[in-house]
Amino acid sequence: MDPIFLIIRTIGEIFAFIAILRFLLQAAQADFYNPISQAVVKFTQAPVAPIQKVVPKIGRFDFSPLVLAFLIKLITLVILVTLSSNIGLDVLTLAMLALVGVIDSLLSMIFWATIGSVIISWVAPGSPHPAPQILLQITEPLFALVRRVLPSIGGLDLSPIVIFLVIQIIQSQLPRVM
């Protein structure tokens, strides 16, 4: 039954990834007219719409995509636990595992977006392609936040390093899930 577990987990992770990406795009106020942004919004609009009616926006942050990602991870965990005959976990434990999974996925996405942004700044700065633009738009608010506290030293921007360290510290405190 290993391949079935892998398929279910992979499908759940992909859907959760897209929902979390929608949250990051909205939080960073990324260009809505970017084709990648439009695809993410179109793909997630149907499941997010009912959640948006229940979960209020807080400032510019719409947490309904994160709630969707949480529900996807929770459903995935329930299915995997149900299929596994030797694991017995209660719903509260599964909900906590799903929450930790969403936080870990969000941090991992920011980590990899930061790496991508750094590489793009070296290889293709100012690239008109939609993917590098999205990466830069997602990471720039974080870079700006760190730059306010830690200015560049001799033209060297240390904000990605600070972001990496903060992410690693937070992730080290999370239990490993999925």
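Everything discussed here concerns the structure shown above.
So, here's what we can say about the structure.

Conventions used here
- Residues numbered from 1 in each chain as written.
- Predicted model: local features only at pLDDT ≥ 70, side-chain atom pairs only at ≥ 80, totals over all residues.
- Heavy atoms only, no water.
- Helix = DSSP H or I, 4+ residues; strand = E, 2+ residues; numbered from the N terminus.
- Contact = heavy atoms within 4.5 Å.
- Phe/Tyr/Trp six-rings, centres within 6.5 Å; stacked < 30°, edge-to-face > 60°.
- Axes fitted to C-alpha atoms, helices over the stretch in contact; angles between N-to-C directions.
- Parallel < 35°, antiparallel > 145°, perpendicular 65-115°, else oblique.
- Nonpolar A, V, L, I, M, F, W, Y, C, P; charged D, E, K, R; others polar.
- Salt bridge = Lys/Arg side-chain N within 4 Å of Asp/Glu carboxyl O.
- Buried < 20%, exposed > 50% of the residue type's maximum accessible area, 1.4 Å probe, protein only.
- Expected span 1.5 Å × (residues − 1).

### Comments concerning the environment of Arg22
Its location among the elements puts Arg22 in helix α1 (residues 2-27). For the pair Arg22 and Pro175, spaced 153 residues apart in sequence, the C-alpha separation works out to 25 Å. What Arg22 contacts, discounting residues up to four positions off in sequence, is Val40, Val41, Thr44, Gln45, Val48, Gln52 and Pro65.

### Brief notes about the packing of aromatic side chains
If you walk through the whole model with that rule in mind, you get seven aromatic pairs. Centroid distance Phe111 to Trp112: 5.3 Å. Interplanar angle 90°. Geometry classified as edge-to-face. Taken together, the ring pairs in this structure connect Phe23, Phe61 and Phe63 into an aromatic cluster.

### Some remarks on the packing of α1 against helix α3 (residues 64-83)
With their axes 8 Å apart at the nearest point, α1 and α3 run at an angle of 170° to one another. Relative to α3, the element α1 is oriented roughly antiparallel. Each residue belonging to the contact of α1 with α3 can be placed in one class, and the counts come to 16 nonpolar, three polar and four charged.

### Here's the deal with the pattern of salt bridges
Evaluation of the coordinates by the stated rule reveals three salt bridges. Between Lys73 and Glu13 there is a salt bridge, with its nearest N and O atoms 2.8 Å apart. Residue Lys73 is found in helix α3, and its partner Glu13 is found in helix α1; the two are separated by 60 residues along the sequence. On the accessibility criterion, Glu13 (23% relative accessible area) is partly exposed. Linking Glu140 and Arg147 is a salt bridge whose minimum nitrogen-to-oxygen distance equals 2.6 Å. Assessed through its relative accessible area of 36%, Glu140 is described here as partly exposed.

### Structural notes on α1
The α-helix advances 3.6 residues per turn, and as a result positions three or four apart in sequence lie on the same side. When the terminal C-alpha atoms of α1 are compared, their 37 Å separation across 26 residues agrees well with the 38 Å that a helix rising 1.5 Å per residue should span. Taken together, the buried positions of α1 are occupied by Ile8, Gly12, Ala16, Ile18, Ala19, Ile20, Leu21, Arg22, Phe23, Leu24, Leu25 and Ala27. Packing partners of the buried residues in α1 comprise α2 (35-54), α3, α4 (91-123) and α5 (130-149). Directly after α1, the chain includes Gln29, whose backbone phi takes a positive value near 55°.

### Observations regarding unusual backbone geometry
Positive phi is not limited to glycine here, since Gln29 has a value of about 55°. Along the chain, the position of Gln29 falls in the loop between α1 and α2. Judged by its relative accessible area of 56%, Gln29 falls in the exposed class.

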